[in-house]
Amino acid sequence: MTPADQSAAPVKSRSAAPAQNTSLHNNMANAIRALAMDAVQAANSGHPGMPMGAADMATVLFSRFLNIDPKAPNWPDRDRFVLSAGHGSMLLYALHYLLGYEDMTLDQIKNFRQLGSITAGHPEHGHALGIETTTGPLGQGISTAVGMALAERMAATRYGKEIVDHYTYVIASDGDLMEGISHEAISLAGHLKLSKMIVLYDDNGITIDGSLDLSESGDALMRFKAANWNAVRIDGHDAEAIAKAIEAAQKSDKPTLIACQTVIGYGSPNKQNTSGSHGSPLGNDEIVLTRAALTWPHEPFAIPADILDAWRKIGAAGAAKSAAWGSRFKALAADKRAEYERELSGDLPATFAATMNAYKKKLSEDKPSWATRKSSEEALNVINAVIPEMVGGSADLTGSNNTKSKGQKPVTPTDFSGSFIHYGIREHGMAAAMNGMALHKGFIPYSGTFLVFTDYCRPSIRLAALMKQRVIHVMTHDSIGLGEDGPTHQPVEHLASLRAMPNLYVFRPADAVETAECWQAALEAKETPSIIAASRQNLPTVRTTHTDENLSAKGGYELSPATLPAKVTLIATGSEIEIAVAAQKLLEADGIGARVVSMPCVELFEEQTKDYKKKTLGEGTIKVAIEAAIQYGWDRYIGPDGAFIGMTGFGASAPAKDLYKHFNITADAAVAAAKACLKA
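Residues numbered from 1 in each chain as written. Predicted model: local features only at pLDDT ≥ 70, side-chain atom pairs only at ≥ 80, totals over all residues. Heavy atoms only, no water.

Draft legend 1. Local environment of the layout of surface pockets. Space inside the largest pocket adds up to approximately 430 Å³. As for the largest pocket, its lining consists of 15 residues, of which E578, I579, K657, Y660 and I665 are closest to the centre. Considering every element that reaches the lining of the largest pocket, the biggest residue donor is helix α25 (residues 656–662), with four residues. Partitioning the lining of the largest pocket into residue classes produces eight nonpolar, four polar and three charged. (1 Å grid on protein atoms, 1.4 Å probe; cavity = no way out; pocket = protein on both sides within 12 Å on 5 of 7 lines; lining within 4 Å. Points joined across faces, edges and corners; volume = space filled by probe spheres on them. Helix = DSSP H or I, 4+ residues; strand = E, 2+ residues; numbered from the N terminus. Nonpolar A, V, L, I, M, F, W, Y, C, P; charged D, E, K, R; others polar.)

So this is what it looks like as C-alpha cells:
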C-alpha cells in the first residue's frame, strides 16, 4: 500500500477494540483450531487445514473489528462477513459457537456434516443464524460480497451514515482468486471504489492437488492493484500485523486485499503446509500430536471456561452497538423509518398491485405491438416509479435489454444515489453481485443480458434459487427470433435447462399484458428468483380483454377457447403464441375445434391444483406444443399422442421470418401435426 493510499480517509474509521495479550490471542485462536480438527475428525469428512491456518486472522477480525450482535444476528447495520473459502466452514461454525449464537450449540459442532444438523459441509444461508451467504463454489463468496458492499454504499446515500455505515469483510482462498468470476467481481469493485470492502486472503500456497505453483504463477497482489485495489502482504499469524492492515484498509478510499501468509493446517506436525490437511481429517494420531504442538491439553470439543468466556464477552459486546443503532433509527422521521422497514422486509408498496392492474387495463385497450423486451421496459417505467428500491442494470447491453427505465441515474464511483448499474461485460460477476444486494436487503436487484448468456450466469442463478433470493434476470433475444446474430446467440436448450432448476421461475411472456403480469408475479415471489425471457421481435397484443386476475401467475391458462367442440389444444409460450392463434383459426376453418393455452411459466403452472391443470390442458384433446426451443420437458404435457413444433438442433444466421420457415415453426406445421395426431 502506498503512503498516499494509507493517508486517504474519506470514510469514517471505527477504532479497533483493544489488543488481546499474546497468550490469550493464541488460546482463542487455538480454540478455533481444536473445534475444527475435532469436528472434521468426528465426521470423517471435511477441510481442517483452512480453519487451522486462518484462525489467527479470524480471531483478530472478530475480536477487534467486526461489529455484529449474536443476539440480534439480523441487525441491519451489522458488518457483513463472508467466508468465501466455504470449504473451511468449520471456521465459521467454531466462531459462532464461541461467540454465543443461540443456535450454534456444541452438539451442532459435534454433528458437523450430518443429516439434520445446521453445520452443513459448506455454509448455507438460512440454515444457521449469521451466515450471510451460501458459499462453497469458489469465487462466489467474494463476488457476492461485492453486491453487499455496493448495497451498503447505496443505502448509506439514501438514509445517511447514522443509519447505514458498515463494512463487508471476506476471507478468501487461493481457489477464490483463481476462479474467473473473481476477476469480474474485483474489477467491478475497484471501478466503483467500494472502499468498505476488505478481503483477507488466506495466502497459504496450497491447493488440493498440492503446492499452488503446480497451477499458478501469477501475482495476485499485482492483479488487485491493477483493478484499482489496495493490496498488501503480511504475516497471517502475526496478530498485530493483521490488525494494523485492517486499520489501514478502513482509512482507504479503495477496496483492500490483505494477503495473509498462513500455514495451512497450522500446528499439525506432519500435515501442516501440505495438501494432506486440505480436504481430509488429520487422523486421531495426528490430532494427538497437534494438541501437544499447540499446547492444547484438552479433550475433544472441550473449551476451557476462561477461553470460552473471553469469546462470549466479545459476542456480548455487540448488544450495545446494535442498541445504539436502534436508538438512532428511532430518531428518524416516522415516514422515513417506515419506508426503510418496508424495504428491509421485502414487502412491496401497498399501491403496487392496483398500479399494475390499471397499467394492464391500458395495455389491453391500446394493444401495442411491442417486442417483449420493449414491453419489459415499459413495465419497468411503471414499476420503478412505485418501488424505489428497484436497482437495475445490464451487462453492457442496456439498449438491447431495455432494462433502464425513465429517470434512472447510473451508479458511479462518486455518486451512489442512482439506481442503475453499468456492470460491463461481466455477466457472472453481475449475477453474483445481484445476489449480494438481495442478501444485504433493502433493494430488489434486476439486470439484463441475452438469454444465451445465462450460461455465464448460471452458477449465481443457482445459488439465488438455493438461498431463496428475489433477483430478476431480464434475458432478451430469447430464440431464433433474434435473427442474424446466428446460432452462437440463439438459445435453443436454455429454457429447458433453466426450467430444470429447482425454485426458479422462468417466464416467457407473449405480449405486453403478459409481460406486465410476469413482472408482477416475479416481484411478488419473495423467495424465488426469476428469469424473464423476452423477444427481440415485435409481437401483437393477444390479451385484448382486460382481467383483474393475474392469469400469468397461474403459469398457464386458456387464452383462446374453441368455438367448436375441442379436439386440439395448442400450447405455446412467448412469440409462438402468435403462431398458435393463427393455427387455431386454420384448424377451426377446417371444422376442427381448437383452443390455445398460453404457458408463460411452467413452474407456476405446476404449482396449481391437479384439477386446474387438467382443465387447462384440455382432457381428451390432442396436445400440440409450440416453442422455438428444444422439446425437452414438453412431453409431460403433450404425451405420447401429441406433437411438438420447435427446434431439434442449433439455429442459423438469417432474418427471423426466414428462420421460422426454415425450421418449420409455423402455423401450417402446427395444423399438419394436429391433423396427423388426430388420424393416428
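Draft legend 2. Focus on unusual backbone geometry. The phi dihedral of N44 is positive, around 55°, even though this residue is not glycine. Topologically, N44 is positioned in the loop between α2 (22–43) and α3 (49–64).

Draft legend 3. The packing of aromatic side chains, seen in detail. One pass over the full model with this rule turns up 14 aromatic pairs. Measuring from ring centre to ring centre gives 6.1 Å for Y93 and F112, while their planes differ by 65°; the resulting arrangement is edge-to-face. Residue Y93 is located in helix α4 (residues 89–99), and its partner F112 is located in the loop between α5 (106–110) and α6 (140–159); the two are separated by 19 residues in the primary sequence. For the pair formed by Y93 and F112, the shared burial category is buried. Summarising the aromatic geometry, the rings of Y159 and Y340 are spaced 4.4 Å apart at their centres and angled 35° between planes, so their arrangement reads as tilted. Residue Y159 is found in helix α6, and its partner Y340 is found in helix α13 (residues 334–345); the two are separated by 181 residues along the sequence. (Phe/Tyr/Trp six-rings, centres within 6.5 Å; stacked < 30°, edge-to-face > 60°. Buried < 20%, exposed > 50% of the residue type's maximum accessible area, 1.4 Å probe, protein only.)

Draft legend 4. Layout of helix α20 (residues 512–524). Over its 13 residues, α20 runs 18 Å from end to end, which matches the ideal 18 Å to within 8%, given 1.5 Å per residue. Counting buried positions along α20 yields 12 of 13 residues, so the element is predominantly enclosed. When α20 is considered as a whole, its buried residues turn out to be A512, V513, E514, T515, A516, E517, C518, W519, Q520, A521, A522 and L523. At the N-terminal end of α20, a side-chain oxygen is found 3.1 Å from the backbone nitrogen of V513, two or three residues along, and the residue is D511. (Expected span 1.5 Å × (residues − 1). Polar contact = N/O pair within 3.5 Å; in protein donor to acceptor, adjacent residues only side chain to side chain.)

Draft legend 5. Structural view of the packing of α4 against helix α12 (residues 305–330). It is the contact of α4 with α12, at a shortest axis distance of 7 Å, that shows an interaxial angle of 85°. Looking at the two axes, α4 sits roughly perpendicular to α12. Of α12, the residues touching α4 (which contributes L95, Y97, L98 and L99) are L308, W311, R312, I314 and G315. Its residues assigned to classes, the contact of α4 with α12 comprises seven nonpolar, one polar and one charged. (Axes fitted to C-alpha atoms, helices over the stretch in contact; angles between N-to-C directions. Parallel < 35°, antiparallel > 145°, perpendicular 65-115°, else oblique. Contact = heavy atoms within 4.5 Å.)

Draft legend 6. Geometry of the state of the cysteines. Enumeration over the complete set of coordinates arrives at zero disulfides. Not engaged in a disulfide, the cysteine C518 finds its nearest cysteine sulfur in C601; these two sulfurs lie 7.1 Å apart. (Disulfide = S-S within 2.5 Å.)

Draft legend 7. Quick look at the sheet that holds strand β13 (residues 530–533). Strand order in this open sheet of six strands is β9-β8-β10-β11-β13-β12, and the pairing throughout is parallel. With partners counted over all chains shown, the strands left at the sheet margins are β9 (420–422) and β12 (505–507), one partner each. In this sheet, adjacent strand axes meet at a mean angle of 20° when their direction is disregarded. Looking at chain direction, strand β8 (residues 390–394) and β9 are connected through three bridges and run parallel. Considered in β9, the bridge of G392 is made with F420. (Pairing = 2+ DSSP bridges.)

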